[in-house]
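The lines below spell out each chain.
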Amino acid sequence: MAAALSREDLLEAYRRMKTIREFEERVHVEFAKGGIPGFVHLYAGEEASAAGVCMNLTDEDKIASTHRGHGHCIAKGVEVKGMMAEIFGKRTGTCHGKGGSMHIADLDTGMLGANGIVGGGPPLVCGAALAAKMKRNGGVAIAFFGDGASNQGTTFESMNLAAAWKLPAIFVAENNGYAEATSAKFSVACGDVSTRAAGFGMPGVTVDGHDFFAVHEAMREAVERARRGEGPSLVEVKLDRFYGHFEGDNQNYRPQDEVKNIRATKDCLNRFRDRVTREHDISANELDAVDAEVARLIDEAVEEARAAPDPQPADLLTDVYIKY
Amino acid sequence: MARKILFQQAINEALDQEMARDPAVIIMGEDVVGGTGADGEMDAWGGVLGVTKGLYGKYGDRIMDTPISESAFVGAAIGAATCGMRPVCELMFIDFLGVCFDQIYNQAAKFRYMFGGKARTPVVIRTMIGAGFRAAAQHSQSLYPIFTHIPGLKVVIPSSPYDAKGLLIQAIRDDDPVIFCEHKALYAMEGEVPEESYTIPFGEANIVREGKDVTIVALARMVSYAQKAAEALAKEGISCEIIDPRTTSPLDEDTILESVENTGRLVIVDESSPRCGMAADISAMVAQKGFDLLEAPIQMVTPPHTPVPFSGVLEDLYIPSAEKIEAAVRKCVEYA
C-alpha cells in the first residue's frame with residue numbers, strides 16, 4: 001500500500017486541479033470574447049486525471065500530451081502565465097507564440113508537448129522512456145491519449161514496442177466518451193480500452209476519472225512497476241469533458257442536460273473537497289484560500305497575456321533549425 | 001596511397017567511430033542487429049544488407065532490433081533525441097516513409113519551431129533509396145524531395161564512400177533532425193576514405209569535375225553516371241562541370257549559380273520523380289536567380305512520371321542513364 005498522501009500533497013493536488021479548472025473556464029470565457037486565435041480544446045472536468053497522474057511524477061519524468069493538453073501542462077508544472085500568453089499567441093508565451101494551444105511544450109519540466117496529431121505522442125513516449133532506461137536515471141514517461149487515439153495504429157505499435165523493449169512507459173487512456181463527435185461506445189470496439197493491454201502483455205486497468213484518489217493509486221502502482229524495470233502499463237481513466245471537442249462545438253451529439261448532470265453529480269473537484277474535508281485534516285477554509293489564490297493567478301495571467309506584445313515579424317524565420 | 005573501402009564500410013565506420021566517441025549515440029531499426037529473441041546467433045544480419053554488422057559485438061544494448069513498427073520506433077528515436085540521446089534510426093527503405101511519416105514531418109521537423117526554439121532533436125534517420133535492384137515500385141524510390149520540402153529537416157544524399165563517412169559523422173553530431181539517404185546501388189562502390197574521423201559540412205556542394213561548357217548537377221548514383229557522360233563528351237570536345245550538392249536541405253545554391261555563371265548551361269540529373277523533384281526545384285532556383293546567366297534552356301534528366309517498374313527491361317529504361325545525360329548535354333550545347 002502507498003505511503004499515504006500528506007496534507008501538503010493533497011493541498012498541492014487540489015491546487016493543480018483548481019488551477020486547471022479556473023484556467024479552462026477562463027479560456028472558455030476569453031475565447032468567446034475574442035482575442036484567442038485558432039482552435040482550443042478544453043480539459044475542464046478531467047482534472048483528476050492529470051493531477052492524479054502527475055502527482056506521482058518528478059521533473060525528471062516525461063509526459064506527452066494531446067490536443068487537449070492544458071491540464072497536463074499545468075499538472076506537470078508548466079508555468080501558467082506563459083501558457084495563457086501562448087494561447088493568446090503572444091511573444092511572452094511558453095513557445096513565443098509559435099505553437100499555440102495545441103503545441104505547448106516545456107522540456108525543462110518534462111512536458112514533451114501537446115500534440116495536434118491524434119496518436120502522435122505514444123511513439124515519442126517510447127523514446128523518452130528508452131532514454132530514461134539507457135541513462136538508468138529511474139525516470140518514467142507517460143503517454144496521455146484519448147479514446148480517439150486509442151484506435152490509432154501508433155498507439156498500438158507503441159504499446160507493443162514498449163512491452164518488447166520493457167520500457168518504463170505508462171499509457172494513460174483518457175476516455176471521455178467522445179472522439180470529436182463520435183461516441184466511444186461505437187468507435188472503441190472492445191468496450192474498455194484497458195482490455196487491450198492484454199494484447200500487448202501488459203497490465204491494464206480502468207479507473208474512475210472523477211476520483212483523484214482512484215487515478216492516483218492506479219498510477220502509483222504503474223509508476224512503481226515501471227521504476228522497478230518491470231515494463232509498461234495501460235491505465236484507462238474514464239471521465240467527462242465539460243465542454244465540446246473544441247470551443248464552438250454545439251455538442252448536439254450529447255444528450256440534453258448531460259453536461260449539467262455531470263457537473264452536478266460527478267465534478268472531480270467537488271468530490272475531492274468532500275473527501276479531504278471529511279477524511280483528512282483539511283478545512284474548507286484552506287481550500288477556499290487556494291481557490292482565491294488560483295483565481296488571482298488566472299486573472300493576472302489573462303491581463304498580462306492580453307497586454308503582452310505580439311511576436312516580431314523577424315520571429316517568422318527564427319528557430320526552424322538550430323543551425324542551417 | 002590512401003586506404004580504399006566500400007561505401008557500406010564507410011557508413012559502418014562512421015557509426016562505429018561516433019558510438020565510440022559519444023555514449024549518447026544509439027542505433028535502432030529492423031534487424032540492425034538481427035536475431036534478437038531467436039535461438040540462433042545474434043548480429044545475424046547487421047542490417048538487411050549488413051551495413052551495421054559488427055556494431056552489436058562492440059556496443060551491445062546500444063544497438064537495438066525493433067518490431068516492424070516504423071511509426072513506433074522512428075517516433076521513439078525522435079522522442080529519445082528530445083531527451084538527450086543521439087539516436088541513429090534505420091528506416092530500411094525510404095519507401096516505408098508512408099507508415100511513419102507523421103513522426104518525421106509533424107513531430108521531429110516541427111519541435112524546434114513550434115516550441116519556440118527550446119527543443120533539440122538530434123536524430124538521424126538512415127534510409128535506402130534508389131532503383132536498379134529489380135525491387136519494384138515499393139522498394140526502389142528516391143523520395144528525398146518529400147523530405148526536402150519540409151522545413152526543419154536536413155536531407156543528406158552522399159555519392160561516394162568519402163562523402164558517406166564525413167556526412168554521416170556530421171549528421172550524427174548535428175543538432176537538427178537529419179534524413180540520411182543511402183543509394184543501395186552505391187554500397188559496393190569503393191573509394192578512398194581516411195581512417196580517422198572527419199566531418200563534411202552540410203550545404204557545401206562538391207565540385208566533382210571542373211569544366212567550362214555545361215554544368216551538370218547530379219545526386220547520389222547519378223553522380224557517377226554524370227562522370228561517365230562527361231568522359232564521353234570530353235572526347236567530343238564538350239567540357240562538363242559536375243556539381244554534387246550532397247545535401248538538398250540545406251542546398252548550396254551559390255556553388256550551382258557560380259558554375260552556371262561560368263558555363264551558361266545547366267543539366268540537372270535526378271533519380272527522383274520529375275514533378276516537384278530536385279531537378280524541378282534546382283531548375284526553378286536557377287531560373288529565378290540566374291536567368292541572365294543562362295544561354296540555353298535548363299535540361300532535366302529524370303525518370304518518367306511513373307512508379308518504378310519491376311521488369312529489368314523497363315527499369316533500365318526508367319533510370320536516367322549516361323546516354324540520356326549525354327543527349328541532354330548535347331541539346332543544351334547545340335541550343336543557338
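Residues numbered from 1 in each chain as written. Chains lettered and ligands numbered in written order. Predicted model: local features only at pLDDT ≥ 70, side-chain atom pairs only at ≥ 80, totals over all residues.

A few words now on the overall build of chain A. Secondary structure summary: chain A contains eleven helices and seven strands in total. Its C-alpha atoms give chain A a radius of gyration of 19 Å, within 12% of the compact-globule value 20 Å for 324 residues. Relative to its 324 residues, chain A shows a buried fraction of 55%. Across chain A, contacts joining residues at least 24 apart in sequence account for 75% of those joining residues at least 6 apart. (Helix = DSSP H or I, 4+ residues; strand = E, 2+ residues; numbered from the N terminus. Rg over C-alpha atoms; globule rule 2.2 N^0.38 Å. Buried ≥ 20, exposed ≤ 12 C-beta atoms within 10 Å, placed from the backbone. Contact = placed C-beta atoms within 7 Å.)

In this section: the packing of helix α1 (residues 7–21) of chain B against helix α6 (residues 161–173) of chain B. Residues and elements named next belong to chain B. Axis separation between α1 and α6 bottoms out at 8 Å; the angle between their running directions is 30°. Classified by the angle their axes make, α1 and α6 are roughly parallel. With respect to the hand of their crossing, α1 and α6 are arranged in right-handed fashion. Packed against α1, whose contacting residues are F7, A10, I11, E13, A14, Q17 and E18, the element α6 presents P161, A164, K165, L168, I169 and I172 at the interface. (Axes fitted to C-alpha atoms, helices over the stretch in contact; angles between N-to-C directions. Parallel < 35°, antiparallel > 145°, perpendicular 65-115°, else oblique. Left-handed = near helix turned anticlockwise from the far one by under 90°.)

This part is about the sheet that holds strand β12 (residues 247–249) of chain B. Residues and elements named next belong to chain B. Taking strand neighbours across the sheet as the criterion, the seven strands line up as β3-β2-β4-β5-β7-β6-β12 in an open arrangement whose pairing is mixed. The open sheet is flanked by β3 (63–65) and β12, the only strands paired with a single partner. Geometrically, the sheet is characterised by an average inter-axis angle of 20° between neighbouring strands, direction not taken into account. Bridge count between strand β6 (residues 154–156) and strand β7 (residues 178–183): three bridges; the pairing is parallel. When the sheet's bridge partners are listed, V156 is paired in β7 with F180. Across the sheet, helix α3 (residues 70–82) is in contact with β2 (25–29), β4 (86–93) and β5 (124–129); its angle to β4 comes to roughly 160°. (Pairing = 2+ DSSP bridges.)

All names here are of chain A. As summarised here, the arrangement of the five strands in space is β1-β2-β3-β7-β6, forming an open sheet in which the pairing is parallel. For this open sheet the edge positions go to β1 (62–64) and β6 (204–208), each flanked by a neighbour on one side alone. Going from strand to strand, the sheet's axes swing by 20° on average, the running direction of each strand aside. Bridge count for β1 against strand β2 (residues 141–146) is three bridges, and the pairing is parallel.

Residues and elements named next belong to chain B. Axis separation between helix α8 (residues 253–263) and helix α9 (residues 278–289) bottoms out at 11 Å; the angle between their running directions is 65°. For the element pair α8 and α9, the recorded crossing hand is right-handed. In contact with E253, I256, L257 and V260 of α8, α9 contributes I282, M285, V286 and K289.

Right, let's talk about the pairing of β2(A) for a bit. Residue and element names in this part refer to chain A. Summarising burial for β2: six of the six residues are buried, a large majority. Every second residue of β2 is oriented toward a common face, with A141, A143 and F145 on one face and I142, F144 and G146 on the other, all of them buried. Sheet topology note: the β2/strand β3 (residues 169–175) ladder contains six bridges and is parallel. Its bridge partner lying in β3, I142 is registered against I170.

Let us now look at the interface of chain B and chain A. Contacts between the two partners involve 35 residues from chain B, matched on the other side by 36 residues from chain A. Put simply, the parts of the chain that give the side of chain B that touches chain A at least two residues each are α3 and α4 (101–114) of chain B. Here the element with the most residues in the side of chain B that touches chain A is α3(B); it accounts for ten residues. Looking at side-chain class alone, the side of chain B that touches chain A contains 16 nonpolar, 13 polar and six charged residues. (Nonpolar A, V, L, I, M, F, W, Y, C, P; charged D, E, K, R; others polar.)

Another aspect to go through is α6(B). For α6(B), built from 13 residues, the straight-helix expectation of 18 Å at 1.5 Å per residue is met to within 8% by its first-to-last C-alpha distance of 19 Å. Every buried residue belonging to α6(B) is among P161(B), Y162(B), D163(B), A164(B), K165(B), G166(B), L167(B), L168(B), I169(B), Q170(B), A171(B) and I172(B), and all of these are buried. (Expected span 1.5 Å × (residues − 1).)

The omega torsion of the bond from S249(B) to P250(B) falls at 0°, within 30 degrees of zero and hence cis. With respect to the secondary-structure elements, P250(B) resides in the loop between β12 and α8. Notably, H96(A) is not glycine yet its phi reads approximately 60°, a positive angle. Mapping H96(A) onto the fold places it in the loop between α4 (80–87) and α5 (121–135). With a phi angle near 50°, K166(A) is a residue other than glycine that sits in the positive phi range. Looking at the secondary structure, you find K166(A) in the loop between α6 (153–164) and β3.

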